[in-house]
Amino acid sequence: MTQDLDTLLTALYVKIDDSIRTPRWRGRPPRLTDSELVCLAVAQVLLGARSEAHWIRYARIHLHGMFPYLPQRPGYNKRLRAALPLIKKAIRDLARDSDFWFDHHWIVDSTPIPCGMSRPTVQRSDLAGWAGYGYCASHSRFFWGLRLYLVCTPAGMPILWALANPKIGEREVLAAMLEHDAALVTDRPGILLISDKGFASKPFERQLADEYGIELLRPSRKKEKARYGEPMLKKVRQLIESVNDTLKGQLDLEQHGGRTFAGVAVRIAQRLLAMSAAIWHNNKTGAPVTRSLIAYDH
C-alpha cells in the first residue's frame, strides 16, 4: 500500500466513518461530514498549518478534490471544538485497531503545554482557573499553562492522556486517569508501567498493584537502594522523550494557539490523533519505522 498523505486520509476516513454508527446531527446534515472534518484536522497538523485561516485558504486550493466543501474559519473552529469527543474516540479506535493495543508495557510522562508568555496575557486569559504556573525540570524553565499527561506504548501509540493544572501532583493526575478508564486497565492484567522519579511513592505503588495489578518501574531516588530493572530504564525512558519530541518538534504541540480550555483541548487532541493515525497506518502498511511522519508531512 502506498504511503502518502492522500492514502492516509482515505484510510482514516473509512475507519472513522465505519465507527460512527449514528450521526450527531439532527435535521439537515452538514455539507462537511464529521469524518471529513476529522480528516481535515489531521491533515492540518501533518502539514504544519498553525493558523486556521491560512489552513482553510490552503485547503481550498490544494485539497479541493478530497474536500469539495470547506466552511469559513469561524465555522471550522466551531465544528472542530464540538468534535472533541469524536476525536478522542478516534484516537482510542486507532489504538485498538493496531498491534500495539496488546502491548502490556506502558510508559507515562508529563510535558508542559505553555499557554501564555506575559503577565497581562495570564490576567486576561479565559484559561484562568484551568492553567497555572509550573516548572519544567528538563528545560530548566518556568511556564504558565497546562501539563499533558500521556500514557503510551513503547511505539508511541497513545493509550491514555489528560490535561491538568501544573500545580496538581503527578501521582494524583495519573490515579484519576486510571480511575476514569478503570475497565480498560482491569481487562489487561500484568501491566508494567514505566515512569520517572516524579511518580515515586510506596503507597502509590501499592495502590497501583492492589487496585489495578500494575507494576511500576521507575528509577531509584537518592538514598534509596537500586531498584529491580533500573539499568534498562535509561534506554526505555528515551522512548517517551522521543514521543514528546515528535509531538513538539514535528507536530507543533507548544504552538497550539488555543485561547480557551476547549480550544487548547481540541488542538492537543488534534496532534495526538495525527500521531496515532500515522502510527496506525504505518503499522497496517508494514513500514519499518511506525512513528515516522516523513511520508505525510508534505
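Residues numbered from 1 in each chain as written. Predicted model: local features only at pLDDT ≥ 70, side-chain atom pairs only at ≥ 80, totals over all residues. Heavy atoms only, no water.

Which residues make up the pattern of salt bridges, and what are the values?
For the structure on display, the rule yields 11 salt bridges. The partner of Glu52 in a salt bridge is Arg73, and the shortest N-O contact between them spans 3.9 Å. With Glu52 in helix α3 (residues 52-62) and Arg73 in helix α4 (residues 73-82), this residue pair connects regions lying 21 residues apart in the sequence. Exposure remark for Glu52: the relative accessible area of 6% places this residue in the buried category. Exposure remark for Arg73: the relative accessible area of 37% places this residue in the partly exposed category. The salt bridge partner of Lys248 is Glu254, with a shortest N-O separation of 3.0 Å. Note on Glu254: relative accessible area 23%, which makes it partly exposed. Look at the salt bridges and you will find they share partners, linking Lys15, Asp97 and Lys284 into a network. (Salt bridge = Lys/Arg side-chain N within 4 Å of Asp/Glu carboxyl O. Helix = DSSP H or I, 4+ residues; strand = E, 2+ residues; numbered from the N terminus. Buried < 20%, exposed > 50% of the residue type's maximum accessible area, 1.4 Å probe, protein only.)

Outline helix α2 (residues 34-46), supporting the account with residue identities and numerical values.
In this model, α2 (13 residues) spans 19 Å end to end at C-alpha, consistent with the 18 Å of a helix rising 1.5 Å per residue. With 13 of 13 residues buried, α2 lies mostly within the body of the structure. (Expected span 1.5 Å × (residues − 1).)

Outline the confidence of the model for the protein, listing residues and values.
Regions with low pLDDT should not have their predicted coordinates read in detail. Of all residues in the protein, 96% attain a pLDDT of 70 or more, and the chain-wide mean is 89. Here helix α6 (residues 119-124) stands out as the least confident element of the protein, with mean pLDDT 82; strand β4 (residues 158-164) is the most confident, with 96. (pLDDT = per-residue confidence, 0-100.)

Describe the packing of helix α7 (residues 170-180) against helix α9 (residues 202-212), with residues and values.
Taken N-terminus to C-terminus, the directions of α7 and α9 make an angle of 5 degrees; their axes are 12 Å apart at the nearest point. By the angle between their axes, α7 is roughly parallel relative to α9. Contact residues: Arg171, Leu174, Ala175, Leu178 and Glu179 in α7; Phe204, Gln207, Leu208 and Tyr212 in α9. Across the contact of α7 with α9, the residue classes tally to six nonpolar, one polar and two charged. (Axes fitted to C-alpha atoms, helices over the stretch in contact; angles between N-to-C directions. Parallel < 35°, antiparallel > 145°, perpendicular 65-115°, else oblique. Contact = heavy atoms within 4.5 Å. Nonpolar A, V, L, I, M, F, W, Y, C, P; charged D, E, K, R; others polar.)

Talk me through unusual backbone geometry; I want residue IDs and the actual numbers.
At Asp252, a position not held by glycine, the phi torsion is positive, near 55 degrees. Tracing the backbone through its elements, the reader meets Asp252 in the loop between α10 (233-250) and α11 (261-285). For Asp252, a relative accessible area of 12% translates into the label buried.

An account of a positive patch on the surface is needed here, citing residue identities and associated values.
Taken together, the side chains of Arg171, Lys197, Arg221 and Lys222 define a basic patch exposed on the protein surface. Within the secondary structure, Lys222 sits in the loop between β6 (214-217) and α10. Owing to a relative accessible area of 79%, Lys222 belongs among the exposed residues under this scheme. (Patch = residues over 30% accessible without salt bridge, like charges linked within 9 Å, V, L, I, M, F, W, Y side chains within 5 Å. Areas by Shrake-Rupley, 256 points an atom, 1.4 Å probe, with all protein chains shown as cover. Lys, Arg positive; Asp, Glu negative; His and termini not counted. Charge placed at Lys NZ, Arg CZ, Asp CG, Glu CD.)

Any chance you could break down the pairing of strand β1 (residues 105-116) for me, citing the residues and the numbers?
Along β1, 11 of the 12 residues are buried, which leaves the element largely enclosed by surrounding structure. Pairing between β1 and strand β5 (residues 191-194): three bridges, direction parallel. Residue Ile107 lies in a different strand from β5, and its bridge partner there is Ile194. Inspection of the sheet shows β1 paired to strand β3 (residues 141-152) by nine bridges, in the antiparallel sense. Paired with Pro112 across the bridge in β3 is Arg147. (Pairing = 2+ DSSP bridges.)

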